[in-house]
Amino acid sequence: MFPPGLEARIRERIADSLVALWAMEQVRSHRDAQASDQGSFEEIVFTSTTLERLLEQGNPEVLPHLFQLLKPERFGPLTEMMVERWPGWNGRTAGCAAPVIATNSPDSALSLFEIWWRTAGKRLDPDRIHGVADALCALAPRGRAFAELLVGRLAPAASDSSTGQLQEEAFRLAWSHRLPAWRDMLRPLLCSGDADGLVHLLSGLVSFTFLEFVQDGDEQGAAVGFQSLPWLFLAGAPLGRIDELLRAPKSAGTEDLRSLASECQPRGDGGLLFGIVALICELDWPRTGPPQGTVQLILALCLEALAVRRIQTDGLGLEELLDRVTLDVPCHPCIPDLARAIAFFPRVEAVPAIREALRKHIDSAAAAHLAEMMGHLRWPELAPILIGLTDGASGDLTCEAAARALEGLGPAAECPILDGWLMFDGSQRIYLGDVACRIGGEAFVDHLVALFPQMRGQQLELWCGWAERVPHPKLLETLAPEVRRKHASVDHAFATLAALLGVEPPELCAVRGRLEQVEKRRQELREHGIFGRHSPGGPTLELQLECPECGDANFYEVRKVLLDPDSQGEAPFILDELTCLSCGRESDLRPHAMGHVALTAEVLKMATASKLGLSRQSPVEVVRLGVEGGRQMGPRRAIAYYEELVEREPLSPVAWLGLGNCYGNLNRPRRAAECHRRCLELDPACVEASVRLGEYLREQGSRQEAYTVYRDAWRRRHRWVYHRLGRLRAPDIERDVLEALEKLRREVAPKDPPFAAVGPRPSPGKIGRNDPCPCNSGNKFKKCCGR
């Protein structure tokens, strides 16, 4: 099961959460293909010490699966350890562990839950509630009194849209313990005929494998017809009645439903179908009968009750067997039996027949059933056919079924996958890459190393997911230079590979710190909801931004994002001045796909907070900038306006000054400084460009250059030109320049003589013509600034 040489390292480091999660994934992915390996998994990695450490960590991703990986004789001690630690676990961990505790120790679980209920208080954690409700359903009918208390708390909350996810748990709990509350929750949905609501409420009780078939019955049922599928149902099933109700669902009355239920469940054992029909019969329907959604529900329940799980295949030919495989329903119950019958035919006959059946049914659910059947056959000759089914045109169900079938083929599928990689489309590479990961092998490791240069941009997350599944030193070496990007997927893959390989690279400490921060934010989100706490330094937003220079997309903590309210198609403007973590160049980073998702979520939070009357500080702001002429426009359009102006009038200092001011207001000081330098080249007397350029140089630490800019500007003060500062008084500008100049002189050129004595700032009162000029030039106001 494990790559060569890793078993010892895994045994030593299994208590590490990353290693434990990796091991769980390996077991789940190999469960079908290598079932014989599961029995030895417990001996390979788990000891009493590692189990105790895993329980102390309380990882909700690991705990529920421990019982699947251990021998039954160890269930008792593990359950006792869980019961002891359950009250101290957080809601998510406790919720995941509650059902497995109840399954393995019912008496201990009931006592534990009753103690929790008495001490829980008014506020109940939804995650813990889900787990306890799940456990009580499994324990029914024991603990009926406690279940009634819990349903009484959950049922009123289920009608509230903010806690609607509790509805299914409340219904399942009431139904499993035969509490009257299930009728009160089901009755309004039956009366309205809300098919989606009915499916959601009952999804925990039945599989509804035929519900989609029933909902599409007006078209699909008429084309296929139930009468043509008698082999799928028990003898004597009322197929004609079902077909009639399906064609005219509104004509179905109470008696039709009652008689249909009696024929489907003649023993009357109190099952789900009888219970719902009994409730329907109590309702007062108009002459048209139950709503269509209610009738569809009854039809789906009837089909579930009538569908057989095993069929007789004796005497059927190859074409007849394939006809039964290609049933166009969402879920086929008889694929294993049909595959066993097809396996007796010669492969030289069966493989072409399967190809022909696929050609006929490629656009239906039958293609997925054929792929599943090929997975049971496990013939190497079927690998090219299955690979062809993973393209985007086959549909998700067919692609997934083909991928599972290829995993069953094992190494026989790996070679054609790697050999034909360059010919596959994007969808095929995703599915077939997962298949190759589960098959494993040195060849796929080398393949991943060769693929990295072309996947390190847009497909980095996919590559990291593959690398985690086939740990190898070559992959860790390939990933090490990318750690500087601070990409969440890179960090997780790097830490997982290091833990599995038992090495401590220099970058690992920083990576673990970032992963802990990510988990801390997730925990806060679970505890405080969408209006959770912000970071101490103010609200930030983690966005995936794409660099136009190198094409890589990385994650950044952004403090300010500007949206233009008048342009829905314009990309948001990131106010932070960021440098690409991949290429190190400063560029106009723009949100990538996941960045747009995060921005949309943040805007929805802002709208929700406003609707609820809550105050919310957000890094997202809706703004417009003013340009010359008093017009208002968004950030990107303002930059485009001045760039066009500069291109049209390249010798205009006003145009360069406007573009520089625009960049400066949008926190792009380097670009603003370049524009102001160009403005000063065209008009050295432009004091506004000198002041702005000096400010940017001081902020960037170039104090000597800033001192030179201010000094040159001061020497030209009698020729200063004001292009865009008409509302400010010249003496105030001179005062600001002089103060900055004197401060810089004391820092970088203390031996230079002072330019002028810095006195108090003059009051805004009226200045006489013969008064000394407030700029400290020594002249009268009328001969200086008052001219």
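What comes next is a walk through the structure. (Residues numbered from 1 in each chain as written. Predicted model: local features only at pLDDT ≥ 70, side-chain atom pairs only at ≥ 80, totals over all residues. Heavy atoms only, no water.)

On to the sheet that holds strand E6 (residues 620–622), then. Read across the sheet, three strands follow the order E4-E3-E6 without closing on themselves; strand pairing throughout is mixed. A single partner strand is all that each edge strand has here, and the edge strands are strand E4 (573–574) and E6. Relative to E4, strand E3 (residues 561–563) runs antiparallel, the two being bridged by two bridges. Bridge pairing links Leu562 to Phe573 in E4. Strands E3 and E6 of the sheet are contacted by helix H33 (residues 593–611), whose axis makes an angle of about 70° with E6. (Pairing = 2+ DSSP bridges. Helix = DSSP H or I, 4+ residues; strand = E, 2+ residues; numbered from the N terminus. Contact = heavy atoms within 4.5 Å. Axes fitted to C-alpha atoms, helices over the stretch in contact; angles between N-to-C directions.)

It is a general feature of regular strands that their side chains alternate between the two faces of the sheet. When you tally the buried positions in strand E2 (residues 553–558), you get five out of six residues, the bulk of the element. As paired strands, strand E1 (residues 541–546) and E2 are joined by six bridges and run antiparallel to one another. Along E2, the bridge assignment pairs Glu542 with Glu557. The hairpin formed by E1 and E2 contains six residues between the paired strands, and Gly551 there has a positive phi angle of roughly 85°. (Buried < 20%, exposed > 50% of the residue type's maximum accessible area, 1.4 Å probe, protein only.)

Here the focus is the state of the cysteines. Covalent bonding between the sulfur atoms of two cysteines defines a disulfide. Applying the stated rule across the entire model yields zero disulfides. For Cys580, which is in no disulfide, the shortest distance to another cysteine sulfur is to Cys583 and amounts to 3.6 Å. Using a relative accessible area of 3% as the deciding quantity, one classes Cys580 as buried. (Disulfide = S-S within 2.5 Å.)

All right, on to the pattern of salt bridges then. Enumeration according to the criterion identifies 31 salt bridges in this entry. Arg183 is paired through a salt bridge with Glu282; the nearest N and O atoms lie 3.1 Å apart. One end of the pair, Arg183, is in helix H12 (residues 181–192); the other, Glu282, is in helix H18 (residues 272–282), with 99 residues separating them in the sequence. Using a relative accessible area of 25% as the deciding quantity, one classes Arg183 as partly exposed. Relative accessible area serves as the criterion here: at 51%, Glu282 is assigned to the exposed category. Arg187 serves as the salt-bridge partner of Asp184, at 3.5 Å between the closest nitrogen and oxygen. Within this pair, Asp184 and its partner Arg187 are both found in helix H12, separated by three residues, close to a single helical turn. Since its relative accessible area comes to 28%, Arg187 is described here as partly exposed. (Salt bridge = Lys/Arg side-chain N within 4 Å of Asp/Glu carboxyl O.)

Counting residues in each nonpolar core, the largest one holds 162 residues, and the members touching the most others are Trp86, Phe113, Ile276 and Met373. When residues of this core are assigned to their parent elements, the largest contribution, nine residues, is made by helix H19 (residues 292–306). Once residues lying within four places of it in the same chain are set aside, the contact partners of Met373 are Leu322, Val325, Ile335, Ala339, Ile342 and Ile354. Membership of the second largest hydrophobic core comes to 44 residues, among which are Ala655, Leu659, Tyr710 and Ala749. (Core = buried A, V, L, I, M, F, W, Y, C linked by side-chain atoms within 4.5 Å.)

On their own, these measurements won't tell you what the molecule is for.
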